[in-house]
Amino acid sequence: MIPTWRLRAAFAHRLSDMYGTEVPAYTTLLDVAGEVNHEAARENADAERLGSIERVTAERHGAIRVGTPQEMRQAAQIFAALGMHPAGFYDLRDAASSAIPVISTAFRPLDAAELARNPFRVFTSLLTPADRRFFDADLQARLETFLSRREIFAPELLDLAHRAEHEAGLPREQAERFLTLAVAAFELSAEPVDQTWYAELERVSAVAADIGGVSSTHINHLTPRVLDIDRLYRRMGDRGIVMIDEIQGPPRWEGPDVLLRQTSFRALAEPRRFRRPDGGVTTGSLRVRFGEVEARGIALTQVGRALYDELIAETDRRLADHPGASGQDLARDIWRARFPRDERQLAAEKMAYFTYQPATRRPHDGQRPPADLPGLLEGGWITADPIVYEDFLPRSAAGIFQSNLANEGTRDTTRSGAHYDARRLSETIERPVHDPFDLYAAQQNDSLRLARRALGLSPSADG
Ligand code: OOG
Ligand code: NI
């Protein structure tokens with residue numbers, strides 16, 4: 001029997017090999033990422049504080065895009081077989097000036113032990129054809145008809161996935177078959193793309209065309225994690241690879257790394273076959289797949305996140321006043337003035353999540369520990385380890401989508417969008433969409449309860 005986590009690790013590995021043959025620049029990115037990780041670990045004793053070099057070097061997230069609720073449910077079934085469950089709701093429709101008519105979640109392992117075994121995650125976006133800002137009734141109907149006729153996941157694959165989920169793994173032979181079919185489902189199809197149909201959708205939105213203009217889905221990008229993204233950004237440039245203008249997310253600064261920083265190289269022209277209106281087949285190219293890379297920091301609480309959002313808004317305002325300035329430079333100044341400068345302050349102000357352990361050497365023999373968390377930390381009764389952010393940022397996601405789109409698409413802003421939220425997405429998927437804040441809080445609170453018990457304190461009082 002191959003258990004769930006081994007299926008996940010094998011799937012991530014095979015997908016990476018497959019994507020490397022499809023997109024050779026991805027292999028360059030992996031080489032540079034490996035180089036940078038080793039240098040960072042060698043030069044800086046703290047570099048591995050948020051992830052060991054083994055975990056970080058193996059770590060990836062993928063992105064896929066699907067067209068219908070049924071396809072979304074099927075994707076969820078395949079990921080469930082791999083121990084990956086929906087976490088987080090992202091609405092990208094308003095997050096960018098380009099037309100991005102999708103809502104998204106990320107499938108990932110939920111608990112720390114599973115993440116430690118293999119942290120593979122897939123950002124998965126669902127097209128919203130009912131959104132009148134992008135699609136009129138006629139286009140919606142044709143789009144839905146087109147999508148309802150395609151089958152992107154074979155019944156055999158779905159049966160095996162169902163079995164793997166319920167039996168927490170698969171016998172060796174079935175596991176092999178499942179992995180082969182699952183990887184194939186995310187390969188770029190050789191099937192000719194209907195030129196007229198694709199172009200019609202592309203006028204509305206390049207993302208809509210990438211989803212609804214073709215007969216299958218494919219991995220859009222596969223993102224390695226690095227310990228030093230600024231160094232990677234420069235190194236890729238040195239190798240002559242054109243990167244997007246800036247790293248997205250928090251600035252690099254002396255204080256704690258939080259959330260997520262991402263950047264990417266620009267989408268490359270890939271040869272694709274097209275069916276012309278006269279029925280003939282020609283070869284052309286499409287630029288939709290790009291190479292993203294990311295650095296992960298500490299998970300923020302709602303309070304920390306609110307401050308983060310405020311600082312980003314402040315950066316935007318200054319950027320508007322100083323067109324041409326570097327967003328990262330402006331952000332750094334703002335962060336130096338307003339963001340907690342170290343982990344201790346983040347913990348004391350309840351801005352970030354940590355796991356807590358009773359200190360191995362207690363400082364005050366015979367004394368009773370204080371009841372409150374800041375007191376426990378300051379007195380050296382417990383130690384805090386940061387919890388790494390395992391999710392995504394809508395704003396960066398939109399930036400990554402947008403910086404790689406050739407054209408803006410169109411949107412009728414006089415109309416209002418179809419309403420979507422995490423609950424509705426749960427109903428669509430027919431599985432709970434987990435709230436990342438709840439997951440981090442549970443992990444933190446469990447550790448704190450155990451630490452307090454070990455110190456002989458009541459488990460719940462929390463200062
Ligand atoms: C997904 C974009 C979002 C990220 O890392 O934020 C994403 C897509 O392009 O389909 O992957
Ligand atoms: Ni991504």
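Our subject is the structure listed above.
The rules we used
- Residues numbered from 1 in each chain as written.
- Chains lettered and ligands numbered in written order.
- Predicted model: local features only at pLDDT ≥ 70, side-chain atom pairs only at ≥ 80, totals over all residues.
- Heavy atoms only, no water.
- Phe/Tyr/Trp six-rings, centres within 6.5 Å; stacked < 30°, edge-to-face > 60°.
- Buried < 20%, exposed > 50% of the residue type's maximum accessible area, 1.4 Å probe, protein only.
- Lys NZ or Arg CZ within 6 Å of the ring centre and 35° of its normal.
- Pairing = 2+ DSSP bridges.
- Helix = DSSP H or I, 4+ residues; strand = E, 2+ residues; numbered from the N terminus.
- Axes fitted to C-alpha atoms, helices over the stretch in contact; angles between N-to-C directions.
- Contact = heavy atoms within 4.5 Å.
- Core = buried A, V, L, I, M, F, W, Y, C linked by side-chain atoms within 4.5 Å.
- Domains from an automatic or database assignment.
- Polar contact = N/O pair within 3.5 Å; in protein donor to acceptor, adjacent residues only side chain to side chain.
- 1 Å grid on protein atoms, 1.4 Å probe; cavity = no way out; pocket = protein on both sides within 12 Å on 5 of 7 lines; lining within 4 Å.
- Points joined across faces, edges and corners; volume = space filled by probe spheres on them.
- Nonpolar A, V, L, I, M, F, W, Y, C, P; charged D, E, K, R; others polar.
- Donors = N, O, S within 2.8 Å, 3.2 Å for Na, K, Ca; no water.

### What to know about the packing of aromatic side chains
One pair of aromatic rings is described through two measures. These are the centre distance and the angle between the planes. Taken as a whole and assessed by the stated rule, the structure comprises 18 aromatic pairs. Between Phe-354 and Tyr-356 the ring centres are 6.4 Å apart and the planes differ by 40°, which places this aromatic pair in the tilted class. Like Tyr-356, Phe-354 is buried. Put simply, the rings of Phe-11, Phe-79, Phe-107, Phe-120, Phe-153 and Phe-186 pair up and form one aromatic cluster. Stacked on the ring of Phe-392, the Lys or Arg Arg-296 has its end atom at 5.5 Å from the ring centre.

### Comments concerning the sheet that holds strand E2 (residues 60–66)
A sheet is described by the order of its strands in space; here 5 strands give the open sequence E3-E4-E5-E2-E8, paired in mixed fashion. One side of each edge strand has no neighbouring strand; the edge strands of this open sheet are strand E3 (85–91) and strand E8 (221–224). Strand after strand, the sheet turns through a mean of 20° between neighbouring axes, direction not considered. Judged from the 6 bridges that link them, E2 and strand E5 (residues 121–127) form a sheet pairing that is parallel. Bridge pairing in E5 places His-61 opposite Arg-121. Here helix H4 (residues 69–81) sits on the sheet in contact with E2, E3, strand E4 (102–108) and E5, set at roughly 170° to E5.

### Here we look at the nonpolar core
Counting 72 residues, the largest nonpolar core has Trp-335, Phe-339, Leu-346 and Ile-382 as its most contacted members. When residues in this core are grouped by element, the largest group, 5 residues, is from helix H10 (residues 206–212). Mapped onto the domain boundaries, this core takes at least three residues apiece from domain 1 (2–297 + 391–432) and domain 2 (304–384 + 447–454). When sequence neighbours within four positions are dropped, the list of residues in contact with Phe-339 reads Trp-253, Val-258, Leu-300, Leu-307, Leu-311, Ile-334 and Leu-346. Core analysis: the next-biggest nonpolar cluster, separate from the first, contains 46 residues, Leu-160, Ala-161, Leu-181 and Tyr-420 among them.

### Topic: the environment of Arg-121
Here Arg-121 lies in strand E5. By relative accessible area, which is 0% here, Arg-121 ends up buried. Distance from Arg-121 to His-85, taken between C-alpha atoms, is 9.0 Å for residues 36 residues apart in sequence. Not counting chain neighbours up to four residues away, the residues in contact with Arg-121 comprise Arg-55, Glu-59, Arg-60, His-61, Gly-62, Met-84, Phe-107, Arg-108, Glu-294, Arg-296, Glu-390 and Phe-392. Side chain to side chain, Arg-121 and Glu-390 meet in a polar contact 2.5 Å long.

### Considerations on the layout of surface pockets
When its volume is computed, the largest pocket comes out at roughly 690 Å³. Of all the secondary structure elements, the ones that give two or more residues to the lining of the largest pocket are helix H2 (24–43), helix H11 (229–238), strand E9 (260–265) and strand E12 (291–296). Tallied by class, residues from the lining of the largest pocket come to 13 nonpolar, 4 polar and 14 charged. Considering only enclosed or pocket space, the second largest pocket measures out at about 560 Å³ in volume. Counting only elements with at least two residues in the lining of the second largest pocket, the list comes to helix H12 (302–321), helix H13 (327–338) and helix H16 (394–403). Among the elements that line the lining of the second largest pocket, the one with the most residues is H16, at 6 residues. Of the residues assigned to the lining of the second largest pocket, the class counts are 9 nonpolar, 10 polar and 5 charged.

### Notes on the coordination of the nickel ion (ligand 2)
The protein atoms that coordinate the nickel ion (ligand 2) are His-61 (NE2), His-221 (NE2) and Glu-292 (OE), at distances spanning 2.0 to 2.2 Å. Taken in sequence order, the residues that donate to the nickel ion (ligand 2) follow the motif H-x159-H-x70-E. With His-221 in strand E8 and Glu-292 in strand E12, this pair connects stretches of sequence that are 71 residues apart. An identical accessibility class is assigned to His-221 and Glu-292; each is buried.

### Some details on the side chain of Thr-301
Within the secondary structure, Thr-301 sits in the loop between E12 and H12. Among the residues examined, Thr-301 registers a relative accessible area of 9% and is labelled buried.

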